[in-house]
Amino acid sequence: MRDCFILLSAGKSKRFKSKLNKQFITYKNKPLFEHSLKTALDSKLFKKVLIVSNKKIKIINDGNIEVIKGGKERHNSTQNALNYLKNKKIKNVFIHDAARPNLSINLLKKLKKKLKKNKAVVPYLKSENSVKYKIKNKVNDLNRNKVLLTQTPQCFDYQELFNLYKTNKEKITDEASLYLRNNKKIKFILGEKKNFKITTINDFKYLKSEIYYGIGFDIHRLIKNKKLFLGGVKIPFHSGLKGHSDGDVIIHAIIDSILGAMRKSDIGTLFPSNSSKFKNIRSKNMLIPILKMLNNNGFSINNIDINLICENPKVSKIRNKIIISLSELLSINKNLINLKGKTVEKLGIIGKEQAIACEVISSLSK
Ligand code: ZN
């Protein structure tokens, strides 16, 4: 084990437009750069981990990690790292951008394996988009099958890379381009899509999409001579649910759980029961403004879990109909909705079929 993982964390994040450099922004409870640092350490593939940073960083050091100062540009930082490793008996270097936090141990292992027979191994992705290039004012088409989008870590025989860097005078954006300029052979292997690079603040927001949970509960009394609606479906039954609206406990509990996850108060505030405007309203129509609020605030539903608490009707017999109805009303795939039935051993008003209750937990992403 004579390999070194070089983590480039000295970038100025010009395209990121934030006061804090992106590699230090908090992602999943720790600075961005620490994610690939942890992956490198967990892989146990490296003799040494070298962090190149222009900012002082605190690391719980187990002796294998060292921090050195970066240069003005990326290639200056790599140069500093290679100079620092001189005479440290390093065989291979893995050079990684701190802005790719989702590096996997699996990718590191694949790269390491290929280094046995190659002096340069670089991960790449195929282009999923059609590619054009422009020379002067003429735009030309490029066969996308010939396009390689290179990722990091880019891995090299230390000595060979050191020698190439020593004679290089030009600005390079990655080590692979230095190799290509010198007509050196690179083994390209397929990288991982999730190992993408955060360049702009929008990339970061996409990566960071936050998850929220909300809980909802509702109970309505059953009365004769009223139609029963559950999850927007009319169910044949001896009684219906009493209420200002159609008393649909499932939809009411769903609404409260979604409002809860969005931190937007509750159903009673939105649809006051003393307002004649909402008298006899079909509950499925109450979902319309809720879904509008959801969309306008950038939320989407991850999943909904429902407990319907009643002695009768039997949930197993109405489950599919309700799930299909809810998936249409909420415009989500039906496999994101779960409906469980719960009886109460004939206890209390629910047990005597005088009421139906419902509880719901919703998960949303923003
Ligand atoms: Zn209700």
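Definitions and cut-offs
- Residues numbered from 1 in each chain as written.
- Predicted model: local features only at pLDDT ≥ 70, side-chain atom pairs only at ≥ 80, totals over all residues.
- Heavy atoms only, no water.
- Donors = N, O, S within 2.8 Å, 3.2 Å for Na, K, Ca; no water.
- Buried < 20%, exposed > 50% of the residue type's maximum accessible area, 1.4 Å probe, protein only.
- Helix = DSSP H or I, 4+ residues; strand = E, 2+ residues; numbered from the N terminus.
- Pairing = 2+ DSSP bridges.
- Polar contact = N/O pair within 3.5 Å; in protein donor to acceptor, adjacent residues only side chain to side chain.
- Contact = heavy atoms within 4.5 Å.
- Salt bridge = Lys/Arg side-chain N within 4 Å of Asp/Glu carboxyl O.
- Domains from an automatic or database assignment.
- Phe/Tyr/Trp six-rings, centres within 6.5 Å; stacked < 30°, edge-to-face > 60°.
- Lys NZ or Arg CZ within 6 Å of the ring centre and 35° of its normal.

A. Seen up close, the coordination of the zinc ion. Within the first shell, the zinc ion binds the protein through Asp218 (OD), His220 (NE2) and His252 (ND1), at distances of 2.0 to 2.1 Å. Written as a sequence motif, the donor arrangement for the zinc ion is D-x1-H-x31-H. Residue Asp218 is classed as buried on the basis of its relative accessible area of 15%.

B. Geometry of the pairing of strand E4 (residues 48-52). In terms of burial, E4 is a largely internal element, five of the five residues being buried. Residues Lys48, Leu50 and Val52 line one face of E4 and the alternating positions Val49 and Ile51 line the opposite face, and both faces are buried. Bridge count for strand E1 (residues 4-8) against E4 is five bridges, and the pairing is parallel. When the sheet's bridge partners are listed, Phe5 is paired in E4 with Val49.

C. Representation of the side chain of Asp3. Structurally, the position occupied by Asp3 is in the segment before E1. Under the relative-accessibility criterion, Asp3 is labelled buried at 2%. Side chain to side chain, Asp3 and Asn92 meet in a polar contact 3.3 Å long. If we ignore the near neighbours within four places in the chain, the residues touching Asp3 are Leu45, Phe46, Lys47, Lys48, Lys91, Asn92, Phe94 and Lys112.

D. The arrangement of the sheet that holds strand E19 (residues 355-365) in detail. Strand order in this open sheet of five strands is E16-E13-E19-E17-E18, and the pairing throughout is mixed. Two strands close off the open sheet at either side, each with one partner strand: strand E16 (240-241) and strand E18 (337-342). With two bridges joining them, strand E13 (residues 211-223) and E16 adopt antiparallel strand pairing. Of the residues in E16, the one forming a bridge with Ile223 is Gly240.

E. Spotlight on the side chain of Thr152. Inspection of the secondary structure assignment puts Thr152 in the loop between strand E10 (148-150) and strand E11 (154-157). For Thr152, a relative accessible area of 2% corresponds to the buried category. Within polar-contact distance, the side chain of Thr152 engages the side chain of His96 at 2.8 Å. In this structure Thr152 touches Arg74, Ile95, His96, Asp97, Arg100, Pro123 and Asn195, once residues within four positions along its chain are discounted.

F. View of the pattern of salt bridges. Throughout the structure, instances matching the rule amount to 14 salt bridges. Here Asp42 makes a salt bridge to Lys38, at a shortest N to O gap of 2.6 Å. One end of the pair, Asp42, and the other, Lys38, are both in helix H1 (residues 32-43), four residues apart, so they sit about a helical turn from each other. Taken together, the shared-partner salt bridges in this structure form one network comprising Arg74, Asp97, Glu175 and Lys197.

G. Fine view of helix H4 (residues 158-167). Looking only at H4, the buried set comprises Tyr158, Glu160, Leu161, Phe162, Leu164 and Tyr165. Looking at the packing, one finds that the buried side of H4 touches helix H2 (74-84), strand E6 (92-97), E11 and helix H5 (175-181). In this structure Asp157 caps H4, since a side-chain oxygen of it lies 3.3 Å from the backbone nitrogen of Gln159.

H. Here's a closer look at the domain arrangement of the protein chain. Domain annotation of the protein chain identifies domain 1 (2-207) and domain 2 (211-365). The centre of domain 1, based on its C-alpha atoms, is set 50 Å off from the matching centre of domain 2.

I. Structural view of the packing of aromatic side chains. In total, this model carries six aromatic pairs according to the counting rule given. Seen in terms of ring centroids, Tyr158 and Phe162 are 5.8 Å apart; in terms of plane orientation they differ by 40°. Their pairing is tilted. Remark: Phe162 and Tyr158 occur in helix H4; sequence separation between them is four residues, near one turn of the helix. Put simply, the rings of Phe5, Phe46 and Phe94 touch in pairs and so form one group of aromatic residues. We note Arg263 situated over the ring of Tyr212; from NZ or CZ to the ring centre the distance is 4.1 Å. Over the face of the ring belonging to Phe229 we find Arg282, whose NZ or CZ atom lies 3.8 Å from the ring centre.

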